[in-house]
Amino acid sequence: MNGRGRPLTPEGRQELVLERIEAFRRRRPRLTDEVVTLAHGAGGKASAALVDAVFLEAFRNEALEPLGDGALLPLPSGHQLAFATDSYVVRPHRFPGGSIGSLAVHGTVNDLAMCGARPAWLSAAFVIEEGFPVAELAALAADMAEAAAAAGVTVVTGDTKVVDTGAADGVFITTAGVGLVPAGRRLGADRVRPGDVVLVSGTLADHGVAVLLARGDLDLEADVVSDTAPLADLVEVLLAAAPGTRWLRDPTRGGVGTVCNELAAQAEVAVVLQESSLPVRRPVGGACDLLGIDPLYVANEGKLVAVVPPEEAAPALAALRAHPLGADAAVIGRVAAEPERIVLLETSFGGSRIVDMLVGDPLPRIC
Amino acid sequence: MRFVDEYRDPAAARVAVRRITELAEAGRDGVPYAFMEVCGGHTHTIYRHGIEQLLPETVELVHGPGCPVCVIPMGRVDDAIALAEQPGVVFTSFGDMMRVPGSAGSLLEAKARGADVRMVYSPLDALRIAEASPDRQVVFFAVGFETTAPSTAVTLLRAQETGVRNFSVFSNHVTIVPPLKAILESPDLRLDGFLGPGHVSTVIGNRPYEFVARRYGKPLVTAGFEPLDILQSIVMLLEQYAQGRCEVQNQYTRVVRDEGNPIALAMLQRVFRLRPHFEWRGLGFIAQSALALSEEFADWDAERRFELPGIRVADPKACQCGEVLKGAIKPWECKVFGTACTPETPIGTCMVSSEGACAAYYTFGRLHRTAAGLAAASS
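Reading guide: rules and limits
- Residues numbered from 1 in each chain as written.
- Chains lettered and ligands numbered in written order.
- Predicted model: local features only at pLDDT ≥ 70, side-chain atom pairs only at ≥ 80, totals over all residues.
- Helix = DSSP H or I, 4+ residues; strand = E, 2+ residues; numbered from the N terminus.
- Rg over C-alpha atoms; globule rule 2.2 N^0.38 Å.
- Buried ≥ 20, exposed ≤ 12 C-beta atoms within 10 Å, placed from the backbone.
- Contact = placed C-beta atoms within 7 Å.
- Nonpolar A, V, L, I, M, F, W, Y, C, P; charged D, E, K, R; others polar.
- pLDDT = per-residue confidence, 0-100.
- Pairing = 2+ DSSP bridges.
- Domains from an automatic or database assignment.
- Arc of directions from axis to C-beta.
- Core = buried A, V, L, I, M, F, W, Y, C linked by C-beta atoms within 7 Å.
- Axes fitted to C-alpha atoms, helices over the stretch in contact; angles between N-to-C directions.
- Parallel < 35°, antiparallel > 145°, perpendicular 65-115°, else oblique.
- Left-handed = near helix turned anticlockwise from the far one by under 90°.
- Expected span 1.5 Å × (residues − 1).

### Side note on the overall build of chain A
Here is step 1 of the chain: If you tally the helices and strands in chain A, you get 9 helices and 14 strands.
Here is step 2 of the chain: Taking 367 residues into account, the globule formula puts the C-alpha radius of gyration at 21 Å, and chain A, at 21 Å, falls close to it.
Here is step 3 of the chain: Projected onto the principal axes, the alpha-carbon positions of chain A cover approximately 75 × 45 × 45 Å.
Here is step 4 of the chain: In chain A, buried positions account for 49% of the 367 residues.
Here is step 5 of the chain: Relative to all contacts within chain A whose residues are 6 or more apart in sequence, the contacts with residues 24 or more apart total 81%.

### Here we look at the overall build of chain B
Here is step 1 of the chain: The secondary structure content of chain B amounts to 17 helices and 13 strands.
Here is step 2 of the chain: Over its C-alpha atoms chain B spans a radius of gyration of 21 Å, differing by no more than 12% from the 21 Å that the globule rule assigns to 379 residues.
Here is step 3 of the chain: Taking the principal axes of the C-alpha coordinates as reference, chain B spans close to 65 × 45 × 45 Å.
Here is step 4 of the chain: When burial is assessed residue by residue, chain B has 55% of its 379 residues classed as buried.
Here is step 5 of the chain: Put simply, 77% of the contacts in chain B that link residues at least 6 apart link residues at least 24 apart.

### Some remarks on the interface of chain B and chain A
Here is step 1 of the chain: Tallying the contact residues gives 44 residues for chain B and 40 residues for chain A.
Here is step 2 of the chain: For the side of chain B that touches chain A, the elements supplying multiple residues, two or more each, are α1 (10–27), α2 (40–48), α3 (51–54), α5 (107–112), α16 (357–364) and α17 (370–378) of chain B.
Here is step 3 of the chain: For the side of chain B that touches chain A, the element with the most residues is α17(B), which contributes 6 residues.
Here is step 4 of the chain: When the residues that make up the side of chain B that touches chain A are grouped by side-chain class, the tally is 22 nonpolar, 12 polar and 10 charged.

### Here we look at the environment of A:Q14
Residues and elements named next belong to chain A.
Here is step 1 of the chain: Inspection of the secondary structure puts Q14 in helix α1 (residues 10–26).
Here is step 2 of the chain: Overall, Q14 belongs to the partly exposed group, with 17 C-beta atoms counted inside 10 Å.
Here is step 3 of the chain: Put simply, Q14 and G184 are 170 residues apart on the chain and 49 Å apart in space, counted from C-alpha to C-alpha.

### Topic: unusual backbone geometry
Residues and elements named next belong to chain A.
Here is step 1 of the chain: Omega for the peptide link from R91 to P92 comes to 0°, which places this bond in the cis form.
Here is step 2 of the chain: A positive phi is found at R341, a non-glycine position, where the angle reads about 65°.
Here is step 3 of the chain: As for its placement among the helices and strands, R341 is situated in the loop between β12 (330–336) and β13 (342–346).
Here is step 4 of the chain: Residue R341 is classed as partly exposed on the basis of its C-beta count, with 17 C-beta atoms lying within 10 Å.

### Some points on the confidence of the model for chain A
Here is step 1 of the chain: Per-residue pLDDT for chain A has a mean of 90; in total, 94% of the residues score no lower than 70.
Here is step 2 of the chain: Under a pLDDT of 50 for its full length, residues 1–6 of chain A has, in the predicted model, 2 contacts with residues more than four places off or in other chains.

### Considerations on the pairing of strand β1 (residues 33–39) of chain B
Residue and element names in this part refer to chain B.
Here is step 1 of the chain: Most of β1 sits out of view: 6 of its 7 residues are buried.
Here is step 2 of the chain: Note that β1 and strand β2 (residues 59–66) share 6 bridges and pair parallel. Opposite A34, over in β2, you have E60 as the bridge partner.

### A closer look at the domain arrangement of chain A
By convention, interface size is frequently given as the accessible area that disappears when the constituent parts associate.
Residues and elements named next belong to chain A.
Here is step 1 of the chain: In terms of domain boundaries, chain A breaks down into domain 1 (11–60), domain 2 (61–181) and domain 3 (189–354).
Here is step 2 of the chain: Between the C-alpha centres of domain 2 and domain 3 the distance comes to 23 Å.
Here is step 3 of the chain: Counting residues at the interface gives 20 residues for domain 2 and 21 residues for domain 3.
Here is step 4 of the chain: For the side of domain 2 that touches domain 3, the secondary-structure elements that each account for two or more residues are α3 (100–114), β5 (118–129) and α4 (134–151).
Here is step 5 of the chain: Among the elements that line the side of domain 2 that touches domain 3, the one with the most residues is α3, at 8 residues.
Here is step 6 of the chain: In the side of domain 2 that touches domain 3, the residues fall into 12 nonpolar, 6 polar and 2 charged.

### Some remarks on helix α8 (residues 177–185) of chain B
Residues and elements named next belong to chain B.
Here is step 1 of the chain: Of the positions making up α8, those classed as buried are P179, L180, A182 and I183. The arc enclosing the buried residues of α8, seen along the axis, measures out at 160°, which places them on a common side.
Here is step 2 of the chain: The inward-facing, buried residues of α8 abut β1, β2, α10 (210–214), β11 (277–280), β12 (284–287) and α14 (321–325).

### A look at the domain arrangement of chain B
Here is step 1 of the chain: What the domain assignment lists for chain B is domain 1 (5–66 + 182–250), domain 2 (74–174 + 290–305) and domain 3 (321–373).
Here is step 2 of the chain: Taken over C-alpha atoms, the centre of domain 2 of chain B sits 30 Å from the centre of domain 3 of chain B.

### Notes on the nonpolar core
Here is step 1 of the chain: Counting 220 residues, the largest nonpolar core has A:L199, A:V209, A:A264, A:V271, B:I20 and B:F35 as the members making the most contacts within it.
Here is step 2 of the chain: The contacts of B:I20, once residues within four sequence positions are left out, are B:L55, B:P56, B:V59, B:L231, B:I234, B:V235 and B:L238.

### Side note on the packing of helix α6 (residues 123–132) of chain B against helix α7 (residues 149–162) of chain B
Residues and elements named next belong to chain B.
Here is step 1 of the chain: One way to put it is that α6 packs onto α7 with a least axis distance of 8 Å and a crossing angle of 25°. Considering their axes alone, α6 and α7 lie roughly parallel with respect to each other. Crossing geometry of α6 relative to α7 is assigned as right-handed. Contact residues: α6 offers P123, L124 and L127, while α7 offers S151, T152, T155, R158 and A159.
Here is step 2 of the chain: By residue class, the composition of the contact of α6 with α7 is 4 nonpolar, 3 polar and 1 charged.

### Regarding α1(B)
Residues and elements named next belong to chain B.
Here is step 1 of the chain: Between the first and last C-alpha of α1 there are 26 Å, a value that for 18 residues agrees with the 26 Å anticipated at 1.5 Å per step.
Here is step 2 of the chain: Looking at α1, one finds that the buried residues are A13, A16, V17, I20, L23 and A24. All buried residues of α1 project into a common sector of 135° when viewed along the axis, lining one side. Facing away from the buried side of α1 by more than 90 degrees, the exposed set consists of A11 and R18.
Here is step 3 of the chain: Elements that come into contact with the buried residues of α1 comprise β1, α3, β2 and α11 (227–242).
Here is step 4 of the chain: D29 occupies a position one or two residues after α1 and carries a positive phi of about 50°.

### Quick look at the sheet that holds β5(A)
All names here are of chain A.
Here is step 1 of the chain: Taking strand neighbours across the sheet as the criterion, the 5 strands line up as β1-β2-β7-β5-β6 in an open arrangement whose pairing is mixed. The open sheet has two edge strands, β1 (71–74) and β6 (154–163), and neither has a second partner. Sheet twist, expressed as the mean angle between neighbouring strand axes with direction ignored, is 15°.
Here is step 2 of the chain: Pairing geometry for β1 and strand β2 (residues 80–88), over 4 bridges, is antiparallel. Bridging across to β2, A71 finds its partner in F83.

### A short note on the environment of B:R214
Here is step 1 of the chain: Its location among the elements puts B:R214 in helix α10.
Here is step 2 of the chain: Separated by 32 residues in sequence, B:R214 and B:C246 place their C-alpha atoms 7.9 Å apart.

As structure tokens, this is what we get:
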């Protein structure tokens, strides 16, 4: 459809404007800012623009271009190697359910697991602000060791840098990880079809809300614990029960809303979610309501979103629920052909709305 | 959620929607009613729960000026940034003010350039920062209607009581009645009634709106913030039309009293004074529509403590936010909508916050045609 020759009735003009917005949305966001702001780190449109304009532009190659959780690299043996990296700057360093140490292991292990890989080895690099207590550093290292052992990975190399007071917020940790993808396993947005079913492995927003409350600036008290956990084992259980699984993602920064948008854009489909099916713990939902934030956009660190073919939805859900990390798993929606690239939420109230990508978000650092 | 579910019951919603459809169709041979929800919180509820998709085409909601972030003019944002960039200043702000563009960038960008800008959830947090860092000047960027003004007042009273001198308030508090009047005075007005602001009314009560019905002949129903509150308020407006009444009514009786909250009002009276004029983004200067600190609190007034540029920055010419706010045009009828003005690069007030009429339409507008049909087909 184009505007040429169409009489300019009000409806026609409105249609034109909507088409223009649609075209604008399809375009990757452009970077117009002169300095980096916190919005560029929030995982929404600004982050995508920065990555496109600066990093993709500089490093462009086949393995990087899909911008997945990790890169998939072909080995001469015919296997695929998964390679992922992530930095951790969460404040406070300790929060109910975990620490920056356990998070640094879980985050990277989960990025590998979402590629379908079995995580094997990690590196760990520390940027430490002078004056940081050694005992605290040792405690964070112990958290990492414990998390690595539980996830079945080994920290095999690392680096330590110390910077002046004020140049880092106590400690920043960067981990990278590698793992092998078993032969024949292939996951990707290109495999997603209309009719497929969307599952989540448990309750939403626990991590983001736990960290927000742990910061203590809110004068809110609620019993909320971060969900930080390694997901590789849960992925194996899921793939055994639902070998046709199309796509996996861990909804960390930006939450389930953001990963569903990425899915809708990459697979050129609609994702239709049911608000009444979204599992959210009562105190988490209450805190989100009070703060005016939507649990769909809040970070998780021990959850996965899976798309499975409809005939495998029941076994997939049963397998997830049988695992301790998936006890609250739920079917939260389905994939539809239209409207392309849109995430739609059918509200419990009986209406519907679009769940868009966040433009920026005012939440503090959570991973 | 406990105490909330009963206001989000889909079965009750269906009953209300049926009633709205009957009333709206019987009334004016299908000529649509246009009701303005004054408050940004209502706009948020309407989008969050998909209420527009439930309403018949004979009822149209127009998003009003009640988003406190949207109405702050560029010049005031520039002043805020100038304050934040003064040496020794810790500038504190609510999170959603940080993205609002001034003439040369936002507070978020000032922060990226090195200004000490911190997000707080309440003015009391800002006062606590001041108490904890006596060698710094802590300024709070106060925005909002009569809803948030009392918490600023409480904070100032506490600062006075405890003698905290390194704390000051940059007041941008505004009042709801003058912009309502400005909208009602406009010659191109195209509204049939109002959903009155629930939170503001908990403070000022329901009486200040009497003029809307009496002088301008438009009904007003003060509405709560749950989705059923909105639907019930629309029913009440339509019933007034059906019965030939034109009144100010209160749907939000569980919270709002006619006389408001006398303690909060007395506090506002003491801590603030009315400004002769204040500029509203999109609406221009409105007399006696904003609050500055009173003489008693002059020592805590950032506008007196610091030198401010105070330069008025005109709203961009192409921007038609004023007309959108009055319901005279739809967001998509504005010349720059969706081209020069988008949520990433907002020009006008209505595109700035997600509660603004244009931002909401930009994000959700397409839903009306395609997705509403899809959702209907699937249920």
